[in-house]
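Breakdown of the fold
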Amino acid sequence: MHDTSTPHVTDTAETRNEVLDFVAIGIGPFNLSLACLSEPLEDVNGVFLERKAEFDWHPGMLLEDASMQTPFMADMVSLADPTSHFSFLNYLKLHDKLYNFYIREDFFLLRREYNQYCQWAARELTSLRFDHDVQDIQHVGDIYVVRGIRPSTQEAFVYRARKLVLGTGTQPYLPSAADAVHSEVPVTGSRVCHNAHYLARKDELTSQPAITIIGSGQSAAEIYLDLLREIDQHAYQLNWITRSPRFFPLEYGKLTLEMTSPDYIDYFHALPREQRNTLLATQKGLYKGINLELIDEIYNTLYAKQLQGVVPTTLMTNTELTSLTRESADGDFSLGLYQREQQQAWRHDTSTVVLATGYHYVAPPFLKSIESRIRRDAEGRYAVGRFYAVDAQSTADAEGNEGDQSPFAGEIFVQNAELHTHSLAAPDLGMACYRNSCILRAITGREVYAIERRIAFQSFGAPGSGNGFTPLSASHLPYGETDLQTATSVPDSSDTSASTASITAGSTAAPQHRETTA
């Protein structure tokens, strides 16, 4: 029986010469899922390393009533093993909350609740090593040697393993228009911040006479509603500015949700790189929009407040941030804005700024020594094989297309770094168990958890013969002449100008999903 009351205390024998089956780096929801699925396997020996002191999932956005955008079955294990000790339903049962959840009758967890569930799972696991900052990886013979330090003690550690799983997650990014305040954003006490730090900065923000939010995604909407509810209490001017043409709702139709499936991954992954890039530009509305219920709640709140008089708030669409500067060392901010349809430039002055500008993947510096073993595409991104390997020995070609890659092959695997090769399934929490089942198959050489091959009712590619379909020798038009070549208007949670700069320089943007993960 697992102890649910106290955290598991890990051993400190990091320098032993034991060769593990794998080392996983980063402990976000995706690698936490892998840890839960690998925990009961007696023939698998791996560790998970994380530089932070504990698990805490996006603490800056754990608003009291904010809900997840994926159902509770997208937990650590249920879609691979519904009987697992680590299921969300078992967590509820062990904490005397199962009937409360049943009576609530809502498939979507509160975000705080999801974080508490993950923290419980982390305490139950024996393979997690927090306070472990990986600094270098070497490949010696057929072994990966992982070295780093423990930030709390500066103690060195070494692990050796046959395989690696990279789950270092995404990082906040800023538009290049905000370069002038780049260094201020992560600083405690600054009046400009990324939404990742919102709750920690909220008291400072609400003490000022004007607050401006830049962004169009779920996080921007949640922050706007949270501040709107308190606008009478603090009497600030509240502004929400987005370059998106409108406040797009997240598309949540069931046939659209089938695009987060092994079927669609097969289809998308087999397309040429150029076609995948074009498709991604049209798919942002499938994972970067706002909950329709949240949009309605914002409108209803505005409606109720205007009954008492004019609400001091401004909402602007089609408006791009072109510059962001501070007027003086401790003064207000000046924003350059451009209304794209009217082609009109504006200046906007405000006391505080919240940049809800999304996240992107940052290649960890500790990969430098093994870079030659990683295959990348022509744009410098991971050339991710169909089954999530990125090592040159296992992936088929520079496009990441499956060819010689076997489902049982792979030395280096990635979590949530394959949007460009696997489409919107990459950041989806509901696909965590599928991906981890594939990774465990490659690690163990056997299919530990049954892996779904086809779950969609629809067919994504051209049909074969039968049922009235007859393949022709050539398509009517070349791909580049079809309407797919023209990207449709889609929500843009980054709200950046064409050129973007990250909080961590030199990385590739990875748009935020309906649930930001890993």
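Residues numbered from 1 in each chain as written. Predicted model: local features only at pLDDT ≥ 70, side-chain atom pairs only at ≥ 80, totals over all residues. Heavy atoms only, no water.

**Notes on the nonpolar core**
One finds L32, Y114 and L128 to be the most contacted residues of the largest nonpolar core, which totals 54 residues. For this core, the secondary-structure elements that each account for two or more residues are β1 (19–25), α1 (29–38), α2 (88–94), α4 (111–124) and α13 (432–444). Dropping the residues within four chain positions of it, Y114 is found in contact with P29, W57, M68, A74, M76, L109 and L429. I211, A220, L227 and Y236 belong to the second largest nonpolar core, which has 26 residues in total. (Core = buried A, V, L, I, M, F, W, Y, C linked by side-chain atoms within 4.5 Å. Buried < 20%, exposed > 50% of the residue type's maximum accessible area, 1.4 Å probe, protein only. Helix = DSSP H or I, 4+ residues; strand = E, 2+ residues; numbered from the N terminus. Contact = heavy atoms within 4.5 Å.)

**Quick word on the pairing of strand β7 (residues 170–175)**
In terms of burial, β7 is largely enclosed, as five of its six residues are buried. In the sheet, β7 pairs with strand β16 (residues 359–361) via three bridges, with the strands oriented antiparallel. Each residue of the ladder has a partner; that of Q171, found in β16, is H360. (Pairing = 2+ DSSP bridges.)

**Topic: the sheet that holds strand β10 (residues 237–241)**
Ordered in space as β8-β15-β9-β10-β11, the five strands form an open sheet in which the pairing is parallel. The two strands at the open ends of the sheet, each matched to only one other strand, are β8 (192–194) and β11 (313–316). Strand-to-strand twist in this sheet, taken as the mean axis angle between neighbours without regard to direction, amounts to 15°. With four bridges joining them, strand β9 (residues 210–214) and strand β15 (residues 352–355) adopt parallel strand pairing. If you follow I213 over to β15, its bridge partner there is V354. (Axes fitted to C-alpha atoms, helices over the stretch in contact; angles between N-to-C directions.)

**Focus: the environment of M259**
Topologically, M259 is positioned in the loop between α8 (254–257) and α9 (262–270). Look at M259 and you get buried, because its relative accessible area is 14%. Not counting residues up to four positions away in its chain, the partners in contact with M259 are Y264, Q283, L286, L424 and F460.

**Some words on empty space enclosed by the protein**
This structure, assessed with the given rule, holds three cavities of 30 Å³ or more. Counted as a void, the second largest cavity has a volume near 40 Å³. Considering the residues around the second largest cavity, the lining is formed by M68, T70, P71, F72, A74, D75, L109, Y114 and L429. Grouping the constituent residues of the lining of the second largest cavity by class yields seven nonpolar, one polar and one charged. (1 Å grid on protein atoms, 1.4 Å probe; cavity = no way out; pocket = protein on both sides within 12 Å on 5 of 7 lines; lining within 4 Å. Points joined across faces, edges and corners; volume = space filled by probe spheres on them. Nonpolar A, V, L, I, M, F, W, Y, C, P; charged D, E, K, R; others polar.)

**Considerations on helix α10 (residues 273–282)**
Taken residue by residue, α10 has R273, Q275, R276, T278, L279 and L280 as its buried positions. As for α10, its buried residues are in contact with α9 and α12 (419–422).

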